[in-house]
Amino acid sequence: MMFRIALCLLSVLMCAEVAMGQSAPAEKTGVLLVHYGTRNDASRKVTIDALDSMAMARFADCEVVEAYAAGSVIKSLGKRGIKKLTIGEGLDKLIADGCQNAVVQTTMLLDGVMNDIVKNEVNARKSKFKKIVVARPLLYSVDDCRNMLDQIAAHINAKSDEQVVIVGHGSDSPANAIYSQLDCLAKFEGRPNWHVGTIESFPTLDNVMAQLAKDSRKNVVVVPLLFIAGNHNEEDIKGVWGEALRKAGYRVRHISEGLGEMPEIQQLILNNINQLLNSCLLYTSPS
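What counts, and at which threshold
- Residues numbered from 1 in each chain as written.
- Predicted model: local features only at pLDDT ≥ 70, side-chain atom pairs only at ≥ 80, totals over all residues.
- Heavy atoms only, no water.
- Helix = DSSP H or I, 4+ residues; strand = E, 2+ residues; numbered from the N terminus.
- Buried < 20%, exposed > 50% of the residue type's maximum accessible area, 1.4 Å probe, protein only.
- Contact = heavy atoms within 4.5 Å.
- Areas by Shrake-Rupley, 256 points an atom, 1.4 Å probe, with all protein chains shown as cover.
- Pairing = 2+ DSSP bridges.
- Axes fitted to C-alpha atoms, helices over the stretch in contact; angles between N-to-C directions.
- Salt bridge = Lys/Arg side-chain N within 4 Å of Asp/Glu carboxyl O.
- Phe/Tyr/Trp six-rings, centres within 6.5 Å; stacked < 30°, edge-to-face > 60°.
- Lys NZ or Arg CZ within 6 Å of the ring centre and 35° of its normal.
- Left-handed = near helix turned anticlockwise from the far one by under 90°.
- Nonpolar A, V, L, I, M, F, W, Y, C, P; charged D, E, K, R; others polar.

*Asks:* I keep staring at the overall build of the chain and nothing clicks. Help me out?
*Replies:* Secondary structure summary: the chain contains eleven helices and eight strands in total. Counting across all 287 residues of the chain, residues that qualify as buried make up 46%. Within the chain, contacts between residues at least 6 apart in sequence are counted, and of these 77% link residues at least 24 apart. Carbon and sulfur atoms form 55% of the exposed surface of the chain, whose accessible area is close to 14,400 Å².

Okay, here's the thing in structure tokens:
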């Protein structure tokens, strides 16, 4: 009799364990990679597509989805049969695919207008997720700026007889102050021959030329502070800036790669995603 009772209790416990296992399936986590986007197929392949592939490989246990922020780019590519999701569509795909948690990582540099669009889209859908976190843009804190300068230094390997000119796009938002912070940080922390300017805002080309004139070195390495070094790099940085520098008597060495092509920056972005997954979503990715 006692044996039968014990057997019945064991059977009940086993059934309870099975039921609990069935009622609490493992939570699914998604990663949304948001890019401004580009119409240039060659540039997209070595920047956006390359980073997307790396993220899919490193976070194989997650649902990795890509989205573009620029509606004009999405429309233009669509006419050529290349489908790209908007930010909202990317989030909706994660929801439809059963992701309860998500990390949203952009390749935007500044906490400006585009980043506000990302946050607005996330806020409109956050009730659909158990937890969703948005990564900060690549240049947000002083440490972010310091790290960016270090990564650029490692990539360009500037010579002792070169001055360094870093050129960003520029913004009409308060986030544009990051460019001035980069310039000051470089000079205050041991790189007095490094100068930061923008194509469309402050510091200007004239501001940078005035800084260059204070140094006797006539060799200049010009670095695009752009995730994708497309038309702006060719037309504005190599074109307008390069012509002005050569006219002033400088010998110019251009860095052709955008930030998205630099292994140092690619790993920085992947590490940001990994940190958020580990600290916020209790997920540990493969090393």
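More follows now that the structure is in view.
*Asks:* Honestly, the sheet that holds strand E4 (residues 131–134) in this entry has me stumped. Any pointers?
*Replies:* Strand pairs in the sheet, formed through backbone hydrogen bonds, run parallel or antiparallel to each other. Taken in spatial order, the four strands line up as E2-E1-E3-E4 in an open sheet, and their pairing is parallel. Looking at strand neighbours, the two that pair on one side only are strand E2 (63–68) and E4, the edges of this open sheet. Direction aside, the axes of adjacent strands within the sheet are offset by 15° on average. Two strands pair when backbone bridges link them, and strand E1 (residues 29–35) and E2 are joined in this way by six bridges, in the parallel orientation. Its bridge partner lying in E2, His35 is registered against Tyr68.

*Asks:* I'm lost on the pattern of salt bridges in this one. Help?
*Replies:* Side chains carrying opposite charge are able to pair once their charged atoms draw close together. The tally for this structure, following the rule as stated, stands at 19 salt bridges. With its nearest N and O atoms 2.5 Å apart, the salt bridge here joins Arg44 to Asp41. One end of the pair is Arg44 and the other is Asp41, both in helix H2 (residues 41–46) and three residues apart, which spans about a single turn. Across the salt bridge formed by Arg146 and Glu189, the nearest N and O atoms sit 2.7 Å from each other.

*Asks:* How should I be thinking about the packing of aromatic side chains in this particular structure?
*Replies:* One pair of aromatic rings is described through two measures. These are the centre distance and the angle between the planes. Under the criterion given, the structure shown has zero aromatic pairs. Taking NZ or CZ as reference, Arg191 lies 4.9 Å from the ring centre of Trp194, over its face. Between the NZ or CZ atom of Lys218 and the centre of the ring of Tyr250, over which it lies, the distance is 4.4 Å.

*Asks:* I keep staring at the packing of helix H5 (residues 87–96) against helix H6 (residues 113–125) and nothing clicks. Help me out?
*Replies:* Helix-helix packing is characterised by the crossing angle of the two axes and by the distance between the axes. Following both chains from N to C, one finds H5 and H6 inclined at 35°, their axes separated by 9 Å at the closest point. Relative to H6, the crossing made by H5 is right-handed. Across the interface between the two elements, Ile87, Gly88, Leu91, Asp92 and Ile95 from H5 touch Ile117, Val118, Glu121, Val122 and Arg125 from H6. Taken together, the residues of the contact of H5 with H6 sort by class into six nonpolar, one polar and three charged.

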